[in-house]
Amino acid sequence: MMNRLSLPAWTGKKGAVIALLAGAIMPLAFAPFHWYPLAVLSLLLLFVSWQQTTPKQAFWRGCLFGLGMFGVGVSWVFVAIHEFGDASVPLAVFLTGLFVGFLSLYTGALGALIRRVSSQQFSISDLLLLLPFAWLVLEWFKGWFLTGFPWLDIGVSQIDGPLAGWIPVIGVLGVTWLVALTAALLLVAWGKRHWWPALLVLVIWLGGWGIQQVDWTQATDNSLKATLIQGNIPQEIKWDPEQLMRTLALYEVRTQEHWDSDLVVWPENAVTAFYHQLKDFYFQPLAEQARQHNTDILLGLPFMDLATENYYNSMMLLGNGEAFYHKQHLVPFGDYVPFETLRGLIAFFDLPMSSFSKGRADQPLIEAAGEKVAISICYEDTFTSQVRSGLPEATMLVNATNNAWYGDSFAPHQHLQISRSRALESGRPMLRVTTNGISAFIDFKGQLERQTAQFAEATLTHEVQPRTGYTPYIFWGRWPLGILTVLGFGLWWHFKRKAT
């Protein structure tokens, strides 16, 4: 396993430019482009750019890769800061650059670390063991460190490819590892001029396609009719007090048009006033109508605990019962400002409703339309551990979000792709409702059944089939992947010591 490989060494500026371009093409593997094989090519080029470099060179090339990847892939941060956060173009560019630069340090640090511990010229064990497992750990760390940012996890990009079959088995993070392993195997095939690594790639990818034919979960005896309401209230007037009554009327009228549905779902903060302010004159009459038609409503609103005056970004059940879910993973500078001293410096640090409190982790599942529902708000469904915590009890998933912050950018498409991955991991259908698109019904295979157009008021009705049971990933979680990672690093260390 320590045999040397005949791989190129891209010295000087050439290697740096290739690393930057390799990062820049990575987002093309994700929605809205869906060119998923580019994820393999991107990592392959990065790995070669680290070949025969010093730790310092590998650090800078890793940073350049990150600048390309995140600079293109999360460019929507600029839209939120400039267009809806009222920051000037230079300031929005600066703040977006800080964010992208910080994320790029992850890939830079990984490159430096790999070069410190690996052979000067990558060995077969470096490529097949060290690099794929190191990339897996990187994505896990990125999704955990500080508040966590599991965006552009490479496994998500494979939702429409053969490797998607592995998602309900080893999760998105496991598929990230398979993508990195594929890149490494192709490099070994190239460097050794052998066919066996390419054969292993074929086995992995065809195996994923074969596993896609397996139904890991079971349909329940009952289906339900659900309606999603996409109000398309522009972000710039959403929190305007003068808009409130028009917003309430819109959602009430659209709901009344669908009393034949078992469940009606409104998006995140569809209601822009506290529950206690509207309880008597709006929510109670609406709840009475819902009970008369045997319909449940799930709606997004801010909720204030009058005893503590803490307030939460919440989803409320209205109809045959009343219950609340409070958002647990808050968005920095969106749901809250990490450093309150920043308030007043610029408009972006003083957005409406930006002092939400964090909901408890042990909240019970809400039962809507006779089914237990695992609810996530906004980017909470990017955290696979949170969605998994509601399973297997939940028979379906609901994600309510406000995509209006990001305009006509990559963000709504990328988030929809993440939601599809959560549905496939869990083997559950997902009802995804947004303020201005893309709202969608997603089946238990992660496939889109129905979806809305963006930037239009819309309602979407569909028959949903709840499901029970476990996928292997939901049953085992990340334990098998963690054990495999420890064994992989241990085996790499064994071959390294054996060669010295």
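Reading the values: the criteria
- Residues numbered from 1 in each chain as written.
- Predicted model: local features only at pLDDT ≥ 70, side-chain atom pairs only at ≥ 80, totals over all residues.
- Heavy atoms only, no water.
- Axes fitted to C-alpha atoms, helices over the stretch in contact; angles between N-to-C directions.
- Helix = DSSP H or I, 4+ residues; strand = E, 2+ residues; numbered from the N terminus.
- Parallel < 35°, antiparallel > 145°, perpendicular 65-115°, else oblique.
- Left-handed = near helix turned anticlockwise from the far one by under 90°.
- Contact = heavy atoms within 4.5 Å.
- Nonpolar A, V, L, I, M, F, W, Y, C, P; charged D, E, K, R; others polar.
- Core = buried A, V, L, I, M, F, W, Y, C linked by side-chain atoms within 4.5 Å.
- Buried < 20%, exposed > 50% of the residue type's maximum accessible area, 1.4 Å probe, protein only.
- Pairing = 2+ DSSP bridges.
- Phe/Tyr/Trp six-rings, centres within 6.5 Å; stacked < 30°, edge-to-face > 60°.
- Salt bridge = Lys/Arg side-chain N within 4 Å of Asp/Glu carboxyl O.
- Expected span 1.5 Å × (residues − 1).
- Arc of directions from axis to C-beta.
- Bend = angle between axes of the 7 residues up to and from the residue.

A. Highlighting the packing of helix α1 (residues 12–25) against helix α3 (residues 55–73). Relative orientation of the contacting elements α1 and α3 amounts to 30°, with a least axis distance of 6 Å. As summarised for this structure, α1 and α3 are arranged roughly parallel, according to the angle between their axes. Read as a crossing pair, α1 and α3 show a hand that is right-handed. Across the interface between the two elements, G12, G15, A16, A19, L20, A22, G23 and A24 of α1 pack against R61, L64, F65, L67, G68, M69 and V72 of α3. Among the residues making up the contact of α1 with α3, the classes are represented as 10 nonpolar, four polar and one charged.

B. Molecular detail of the nonpolar core. Counting 106 residues, the largest nonpolar core has L43, W135, L298 and L431 as the members making the most contacts within it. Ranked by the residues each element gives to this core, the list is headed by helix α7 (residues 167–192), at 14 residues. Apart from the residues lying within four places of it in its own chain, the contact partners of L298 are L263, V264, V265, W266, M315, M316, L317, I366, A368, I375 and V398. With 26 residues, the next largest nonpolar core counts I229, V264, Y282 and I297 among its residues.

C. How the structure looks around the packing of α1 against helix α2 (residues 38–49). Interhelical geometry of α1 versus α2 gives an angle of 160° and a closest axis separation of 9 Å. Classified by the angle between their axes, α1 and α2 sit roughly antiparallel to one another. Our pair here, α1 against α2, has a crossing hand that is left-handed. Residue-level inspection shows G15, I18, A19, A22, G23 and I25 of α1 in contact with α2, the latter providing L38, L41, S42, L45, L46 and S49. Residue classes in the contact of α1 with α2 are distributed as eight nonpolar, four polar and no charged.

D. Representation of the environment of L278 in the model. Mapped onto the elements of the fold, L278 is located in helix α11 (residues 275–292). What makes L278 buried here is its relative accessible area of 3%. Sequence separation of L278 and L248 is 30 residues, and the distance between their C-alpha atoms is 10.0 Å. Setting aside residues no more than four positions away along its own chain, L278 makes contact with L248, V271, A273 and F283.

E. Main features of the sheet that holds strand β7 (residues 366–368). Pairing is mixed across the open sheet formed by six strands, whose spatial order is β7-β8-β9-β10-β11-β12. The sheet terminates laterally at β7 and β12 (448–451), the two strands that pair on one side only. On average, adjacent strands in this sheet sit at an angle of 25° to one another, irrespective of strand direction. Sheet strands in contact with helix α13 (residues 411–426) are β9 (396–401), β10 (430–434), β11 (440–442) and β12, and its direction is about 160° off that of β10.

F. Fine view of the packing of aromatic side chains. Per the counting criterion, the structure on display carries 31 aromatic pairs. One aromatic cluster is present, formed by F102, Y106, W140, F141, W144 and F145 through successive ring pairs.

G. Seen up close, the pattern of salt bridges. Tallied over the full model, the rule gives nine salt bridges. Where K445 meets D215, a salt bridge forms, and the shortest distance between an N and an O atom there is 3.0 Å. One end of the pair, K445, is in the loop between β11 and β12; the other, D215, is in the loop between α8 (196–211) and β1 (218–219), with 230 residues separating them in the sequence. Through salt bridges with shared partners, a single network forms among R254, E257 and E457.

H. Highlighting the side chain of T96. Along the chain, T96 turns up in helix α5 (residues 89–117). A relative accessible area of 10% means that T96 is categorised as buried.

I. A look at helix α10 (residues 244–256). In this model α10 runs 18 Å from its N-terminal to its C-terminal C-alpha over 13 residues, within 8% of the 18 Å that 1.5 Å per residue would give. Residues of α10 that are buried: L244, T247, L248, L250, Y251 and T255. Down the axis, α10 shows its buried residues gathered within 160° of arc, on one side only. Check the buried side of α10 and you find it contacts β2 (224–230), β3 (263–265), α11 and β4 (296–304).

J. Representation of α7 in the model. Here α7 spans only 31 Å end to end across 26 residues, well under the 38 Å set by a 1.5 Å rise per residue. Maximal helix bending in α7 amounts to about 75°, located at L173. In terms of burial, α7 is a largely internal element, 21 of the 26 residues being buried. Of the residues flanking the end of α7, it is R193, one or two places downstream, whose phi is positive at about 55°.

K. Inspection of unusual backbone geometry at higher detail. The omega angle of the peptide bond from A31 to P32 is 5°, so this bond is cis rather than trans. In this structure, P32 sits in the loop between α1 and α2. Here the residue pair G437 and I438 is connected by a cis peptide bond, since its omega of 15° sits within 30 degrees of zero. Mapping I438 onto the fold places it in the loop between β10 and β11. At Q52, a position not held by glycine, the phi torsion is positive, near 55°. Positive phi, close to 55°, is recorded for N232, a residue that is not glycine. Note that N232 resides in the loop between β2 and α9 (235–238).

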